[in-house]
Amino acid sequence: MGVLLTKSTMPIVNWVAEVLGWLMNGIYSIGVHNLGLCIIIFTLVIYAFMTPLQIKQQKFAKMNAVMAPELQNIQKKYRGKKDQNSQLKMQEETMGVYEKYGVSPTGSCLQMLIQMPIFFALYQVIIKIPGYIGGIKDVFASAVSHITDVSGYSDIIFKFVQDNAIKNSYIPMSGKLSSDHVVDFLYSLSPAQWDKLADVDKFQGFADVLNQTADKLHPMQNFLGLNIADNPWALIQSGWSTQHYLLILAAVLIPVLAWGTQVLNMKLIQTASNTSNSTPSQMETTMKTMNMFMPLMTAFICFTFPVGLGIYWISSAVVRSIQQLLINRHMDRMNIDDLINENMKKMEKKKAKLGVTSQNISQQAKMNVRNIEEPKRKNIADKSNS
């Protein structure tokens, strides 16, 4: 089995990818046959559905900024105190702050857990388009049928991949290739590589089939002069050898725009959660470092991954930035007291369903402390009697 197949095989992610694949196939089926444009529309729809989760995250970030000074004071109060009694008291006071503002300590974690499979599935669908858009996979049907009828076709493909330094074919380089592997291989080819494939000795008997497949596929994969299945680094090398400098510029713009749009998006998120009346916590400092590092990592990855993934990253960052601007305006107009009251009502409803009250939580915390302190008192009493 290859590293990547025509469809995702990752547990949970593959189920989400199936659902997202239906959406991608639906966009293609209504007449959007340019895959670059298809990816952009797909991204718009997905992030429109994810807007409520983003709003919840920003509400949590706003409340976290308000709670930060109190939480930092508690941490300072118990700094250096590692005994169990102090740790429990710190935990009790910390939970008291969360109770005061009607916020769950795991509020943002649940939203992240929901979003993670979606993000992984988005990635899988975009780089494995033939597996999720039936119309695209059908384009390869005749070519795959002819190729797999050739004796030793797997070895011919392995040699072709190595000779042409194809990095994004996502096929195993040993054993017998399945029909899906051949689809993955064909989808990764640039127009020039299709011409070379038709010149392979054992494939020349059906060169017309390969040329027809390439002619059908080219307008689908062409987005602003770039083949979305190719990677920017390969395009830069191709442009340099042919002195096609516009191709080089377009290829370089993909990782540059991916970096720039992500930086913009992260700055807007920081603006929403910044607080001027407290010093940055260790977590906030770590997040700022990550916010500087991640866009650079994205740009680096963009050079060696298909252009289609870069289009997704750029379009998703632009969509998120627009959403963030609107969410920031909404959050700026929101009264913090109203938000606290809203949180308290939601928390009380959850507690009512579970049969939990604030008094129960407080009594349980005091019992925990008492259970620790009671043995200490007995030890002191025993020492004094002796």
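Computed from a prediction, not measured in an experiment: that's the story for all the values here.

What follows covers the overall build of the protein. A count of helical and extended segments in the protein gives 18 helices and two strands. Counting all 386 residues of the protein, 44% fall into the buried class. For the protein, restricting intrachain contacts to residue pairs at least 6 apart in sequence, the fraction spanning at least 24 positions comes to 75%. With the model as given, the accessible surface of the protein reaches about 21500 Å², and the carbon-plus-sulfur share is 62%.

Bringing the packing of aromatic side chains into the picture now. Using the criterion set out here, one finds five aromatic pairs in the structure. Centroid distance phenylalanine 160 to phenylalanine 185: 5.9 Å. Interplanar angle 90°. Geometry classified as edge-to-face. Here phenylalanine 160, found in helix H9 (residues 153-163), pairs with phenylalanine 185, found in helix H10 (residues 179-187); they are 25 residues apart in sequence, far enough to count as distant. Given a relative accessible area of 0%, phenylalanine 185 falls into the buried group.

It is worth spelling out the pattern of salt bridges at this point. In the structure shown here, the tally under the stated rule is three salt bridges. A salt bridge links lysine 137 to aspartate 180; its shortest N-O distance comes to 2.9 Å. Note that lysine 137 is positioned in helix H7 (residues 134-139) and aspartate 180 in helix H10, a separation of 43 residues in sequence. We classify aspartate 180 as partly exposed; its relative accessible area is 31%. Among the salt bridges present, the one from lysine 159 reaches aspartate 163, with a minimum N-O distance of 2.7 Å. Of this pair, lysine 159 and aspartate 163 are both found in helix H9, four residues apart, which corresponds to roughly one turn of the helix. Per residue, the accessibility class of lysine 159 equals that of aspartate 163, and both read exposed.

Our next topic: the confidence of the model for the protein. Residue-level pLDDT values for the protein average 79, and 79% of them are 70 or greater. For the protein, the element scoring lowest by mean pLDDT is helix H18 (residues 358-385), at 50; helix H8 (residues 141-148) scores highest, at 95. Residue range residues 1-5 is modelled with pLDDT below 50. Its contacts to residues more than four positions away, or to other chains, number 10 contacts.

A cluster of nonpolar side chains, contributed by Met290, Phe293, Met294, Met297 and Phe300, occupies part of the molecular surface with about 490 Å² of accessible area. Of note, phenylalanine 300 is situated in helix H15 (residues 282-304). Given the relative accessible area of 59%, phenylalanine 300 is considered exposed.

Below, the discussion takes up the environment of lysine 89. Examined against the element boundaries, lysine 89 turns out to sit in helix H4 (residues 84-101). Sequence separation between lysine 89 and isoleucine 74 is 15 residues; the distance between their C-alpha atoms is 9.7 Å.

Let's shift gears to the side chain of asparagine 227. Following the sequence through the fold, asparagine 227 ends up in strand S2 (residues 226-227). Polar side-chain contacts of asparagine 227 include one of 3.4 Å to the side chain of glutamine 221. Of note is the side chain of asparagine 227, whose polar atom sits 2.9 Å from the backbone nitrogen of alanine 229.

This brings us to the packing of helix H2 (residues 35-49) against helix H16 (residues 307-333). Relative orientation of the contacting elements H2 and H16 amounts to 35°, with a least axis distance of 9 Å. Between H2 and H16 lies a crossing of right-handed hand. Every residue of H16 that contacts H2 at Gly36, Ile39, Ile40, Thr43, Leu44, Tyr47 and Ala48 is listed here: Gly308, Ile311, Tyr312, Ser315, Ser316, Val319, Arg320 and Gln323.

Positive phi, close to 50°, is recorded for alanine 165, a residue that is not glycine. Take alanine 165: it is sitting in the loop between H9 and H10.

Residues Phe185, Leu186 and Leu197 are the most contacted members of the largest nonpolar core, which totals 76 residues. Take this core: its biggest share by element is seven residues, from H16. Those residues in contact with leucine 197 that sit more than four places away from it in its chain are Phe160, Phe185, Leu186, Leu189, Phe203 and Leu210. In terms of nonpolar packing, the next biggest core, distinct from the first, is built from 12 residues, Phe60, Met63, Met67 and Val103 among them.

A separate point is helix H3 (residues 51-77). With 27 residues, H3 ought to run about 39 Å at 1.5 Å a step, and its terminal C-alpha atoms sit 38 Å apart, in line with that. At methionine 67, H3 shows its strongest bend, of approximately 45°, with the proline proline 69 following within four residues.

Reading the values: the criteria
- Residues numbered from 1 in each chain as written.
- Predicted model: local features only at pLDDT ≥ 70, side-chain atom pairs only at ≥ 80, totals over all residues.
- Heavy atoms only, no water.
- Helix = DSSP H or I, 4+ residues; strand = E, 2+ residues; numbered from the N terminus.
- Buried < 20%, exposed > 50% of the residue type's maximum accessible area, 1.4 Å probe, protein only.
- Contact = heavy atoms within 4.5 Å.
- Areas by Shrake-Rupley, 256 points an atom, 1.4 Å probe, with all protein chains shown as cover.
- Phe/Tyr/Trp six-rings, centres within 6.5 Å; stacked < 30°, edge-to-face > 60°.
- Salt bridge = Lys/Arg side-chain N within 4 Å of Asp/Glu carboxyl O.
- pLDDT = per-residue confidence, 0-100.
- Patch = residues over 30% accessible without salt bridge, like charges linked within 9 Å, V, L, I, M, F, W, Y side chains within 5 Å.
- Polar contact = N/O pair within 3.5 Å; in protein donor to acceptor, adjacent residues only side chain to side chain.
- Axes fitted to C-alpha atoms, helices over the stretch in contact; angles between N-to-C directions.
- Left-handed = near helix turned anticlockwise from the far one by under 90°.
- Core = buried A, V, L, I, M, F, W, Y, C linked by side-chain atoms within 4.5 Å.
- Expected span 1.5 Å × (residues − 1).
- Bend = angle between axes of the 7 residues up to and from the residue.

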